[in-house]
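Breakdown of the fold
Here is how the chains run, residue by residue.
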Amino acid sequence: MDNPVTPRDAGRPGPRRRDRHGRGMRGPVAPPQVPLAASRGEVFADLVQDSVERLERRWPQLADIDFLVLDVPRLDGPAEMWNDEAVPLGGTVPSREGRRGRVVVYRRPVEIRTKGRDERAALVHEVVVEQVAELLGLTPETVDPRYGED
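Described below are features of the structure shown in this document. All of these numbers come straight from a predicted model, not from anything done at the bench.

Before going further, it helps to spend a moment on the overall build of the protein chain. Secondary structure assignment for the protein chain yields 4 helices and 3 strands. Traced from its N-terminal end to its C-terminal end, the protein chain shows the element sequence α-β-β-β-α-α-α. The buried share of the protein chain, reckoned over its 150 residues, is 25%. A fraction of 58% describes how many contacts in the protein chain between residues 6 or more apart in sequence connect residues 24 or more apart.

Moving on: the pairing of strand β3 (residues 101–106). Most of β3 is tucked away: 5 of the 6 residues are buried. In this sheet, β3 lies alongside strand β1 (residues 65–70) in parallel orientation, the contact comprising 6 bridges. Bridging from a neighbouring strand, Val69 pairs with Val105 of β3. The pairing of strand β2 (residues 90–93) with β3 spans 4 bridges and is classified as antiparallel. Bridge pairing in β3 places Val93 opposite Arg102.

Turning our attention to the pattern of salt bridges. A complete count under the given rule lists 5 salt bridges for this structure. For Glu111, the salt bridge goes to Arg107, with nearest N and O atoms at 3.0 Å. Of the two residues, Glu111 and Arg107 both sit in helix α2 (residues 107–112), 4 residues apart, roughly one turn of that helix. For the pair formed by Glu111 and Arg107, the shared burial category is buried. Notably, a salt bridge pairs Arg108 with Glu111, separated by 2.9 Å at the nearest N-O pair. Of this pair, Arg108 and Glu111 both sit in helix α2, 3 residues apart, which is roughly one turn of that helix. The exposure class assigned to Arg108 is partly exposed, which follows from its relative accessible area of 30%. When salt bridges with common partners are traced through the structure, they connect Asp71, Arg107, Arg108 and Glu111 into a single cluster.

With that out of the way, let us pick up the side chain of Gln131. Its location among the elements puts Gln131 in helix α3 (residues 117–136). Accessibility expressed as a relative area gives 9% for Gln131, which makes it buried. Among all residues touching Gln131, those that are not within four sequence positions of it are Gly90, Gly91, Thr92 and Val103.

Because an α-helix completes one turn every 3.6 residues, residues spaced three or four positions apart along the sequence face the same direction. Under the 1.5 Å per step criterion, the end-to-end length of helix α1 (residues 40–56) is 24 Å for 17 residues, consistent within 8% with the ideal 24 Å. Every buried residue of α1 is accounted for by Phe44, Leu47, Val48, Ser51, Val52 and Leu55. The buried residues of α1 occupy an angular sector of 135° when projected down its axis, which confines them to one face. Buried residues belonging to α1 abut β1, β3, α2, α3 and α4 (140–143).

Rules and cut-offs
- Residues numbered from 1 in each chain as written.
- Predicted model: local features only at pLDDT ≥ 70, side-chain atom pairs only at ≥ 80, totals over all residues.
- Heavy atoms only, no water.
- Helix = DSSP H or I, 4+ residues; strand = E, 2+ residues; numbered from the N terminus.
- Buried < 20%, exposed > 50% of the residue type's maximum accessible area, 1.4 Å probe, protein only.
- Contact = heavy atoms within 4.5 Å.
- Pairing = 2+ DSSP bridges.
- Salt bridge = Lys/Arg side-chain N within 4 Å of Asp/Glu carboxyl O.
- Expected span 1.5 Å × (residues − 1).
- Arc of directions from axis to C-beta.

Printed below as a string of structure tokens:
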């Protein structure tokens, strides 16, 4: 044997990197500025923001309300919130003692009930309208005249 084979790791500290077939190192699938790079949570938050902006044109007092997206409802909430029939899609926290009112939309229950982006956007808007109506003490049809038409 004229050419002895040396181990691959000899002389190289640190983890081994792969450069398959000479094509260069692996990188992100898409650059950060394209929609493919956005996470599901970010896309969902954008749907909620779009719905809020649509309603703020008609109801400027919504600027005093915080809109939040949580993955799932908390289990330590009020007992009347939970029952055997349905998981809540959203919730409200009224304003008090210097704290702003809040509307919460739960991402996973909404995603599970929809198939595509358009259907998800419609359900998100419906949930936001219902929660805003509850917080303002109005009917959903008053908050958005097109509520229930889709």
